[in-house]
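# Summary of structural features
The residues making up each chain are set out below.
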Amino acid sequence: MTESIQRREQEIELKLAAKVQQRLYPQRVPRVGDWEFAGLVLPAEATCGDYYDFIEIDDSRLCMTIGDVCGHGLGPALVMVEVRALLRSF
């Protein structure tokens, strides 16, 4: 019974982590001049280390970042969150 409860708790934590992670991806599509960009992440598991972001520098410049942390699950997702925070802080 204890293993079953622990497994359910882990599943709930991963679902919550996935929701948080999804909110960190860009919410709007940037447009620079005539260029339009888009991105999509389809994780193999609840969470992943896949990362992309668009950081608008000014009206004519855009920084695009793409990354993939090895592995799946909570650990790589946390690394992705850390990378996003570091890039956005600059």
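Whatever comes next refers back to the structure up there.
A separate point is the overall build of the chain. Across its full length, the chain carries two helices and four strands. Listing the helices and strands of the chain from first to last along the sequence gives α-β-β-β-β-α. Over its C-alpha atoms the chain spans a radius of gyration of 16 Å, topping by over 25% the 12 Å that the globule rule assigns to 90 residues. Considering only C-alpha atoms, the chain reaches an extent of 60 × 20 × 20 Å along its principal axes. When burial is assessed residue by residue, the chain has 24% of its 90 residues classed as buried. Once local pairs closer than 6 in sequence are excluded, the contacts in the chain between residues at least 24 apart make up 57%. Here the chain has roughly 7,000 Å² of accessible surface; of this, 57% comes from carbon and sulfur atoms. Charged side chains in the chain number 10 positive and 14 negative. The centres of these two groups are separated by 6 Å.

Let's shift gears to the packing of helix α1 (residues 2-24) against helix α2 (residues 74-89). Closest axis-to-axis distance for the α1/α2 pair is 11 Å, and the angle between their directions is 25°. What the angle tells us is that α1 and α2 run roughly parallel. Relative to α2, the crossing made by α1 is left-handed. Two secondary-structure elements touch here, α1 through Leu14, Ala17, Gln21 and Leu24 and α2 through Leu74, Ala77, Met80, Val81 and Arg84. Looking at the contact of α1 with α2 residue by residue, the classes come out as seven nonpolar, one polar and one charged.

Further remarks concern the packing of aromatic side chains. Overall, the coordinates contain four aromatic pairs when judged by the stated rule. Taking 6.0 Å as the distance between ring centres and 45° as the angle between the ring planes, the aromatic pair formed by Phe37 and Phe54 counts as tilted. Pair noted here: Phe37 is in the loop between β2 (35-36) and β3 (48-58) and Phe54 is in strand β3, with a separation of 17 residues, a long-range link. Judged by relative accessible area, Phe54 falls into the buried class, the value being 12%. The structure contains a cluster of three or more aromatic residues connected by ring pairs, namely Tyr25, Trp35, Phe37, Tyr52 and Phe54.

Inspection of the secondary structure puts Thr65 in strand β4 (residues 61-72). Within the structure, the side chain of Thr65 is placed 3.4 Å from the side chain of Tyr51, a separation counted as a polar contact. Leaving out residues up to four positions away in the same chain, Thr65 has contacts with Tyr51, Tyr52, Asp53 and Leu87.

This next bit is on the environment of Ile12. Of note, Ile12 is situated in helix α1. For the pair Ile12 and Arg31, spaced 19 residues apart in sequence, the C-alpha to C-alpha distance is 36 Å.

Parameters and conventions
Residues numbered from 1 in each chain as written. Predicted model: local features only at pLDDT ≥ 70, side-chain atom pairs only at ≥ 80, totals over all residues. Heavy atoms only, no water. Helix = DSSP H or I, 4+ residues; strand = E, 2+ residues; numbered from the N terminus. Rg over C-alpha atoms; globule rule 2.2 N^0.38 Å. Buried < 20%, exposed > 50% of the residue type's maximum accessible area, 1.4 Å probe, protein only. Contact = heavy atoms within 4.5 Å. Areas by Shrake-Rupley, 256 points an atom, 1.4 Å probe, with all protein chains shown as cover. Lys, Arg positive; Asp, Glu negative; His and termini not counted. Charge placed at Lys NZ, Arg CZ, Asp CG, Glu CD. Axes fitted to C-alpha atoms, helices over the stretch in contact; angles between N-to-C directions. Parallel < 35°, antiparallel > 145°, perpendicular 65-115°, else oblique. Left-handed = near helix turned anticlockwise from the far one by under 90°. Nonpolar A, V, L, I, M, F, W, Y, C, P; charged D, E, K, R; others polar. Phe/Tyr/Trp six-rings, centres within 6.5 Å; stacked < 30°, edge-to-face > 60°. Polar contact = N/O pair within 3.5 Å; in protein donor to acceptor, adjacent residues only side chain to side chain.

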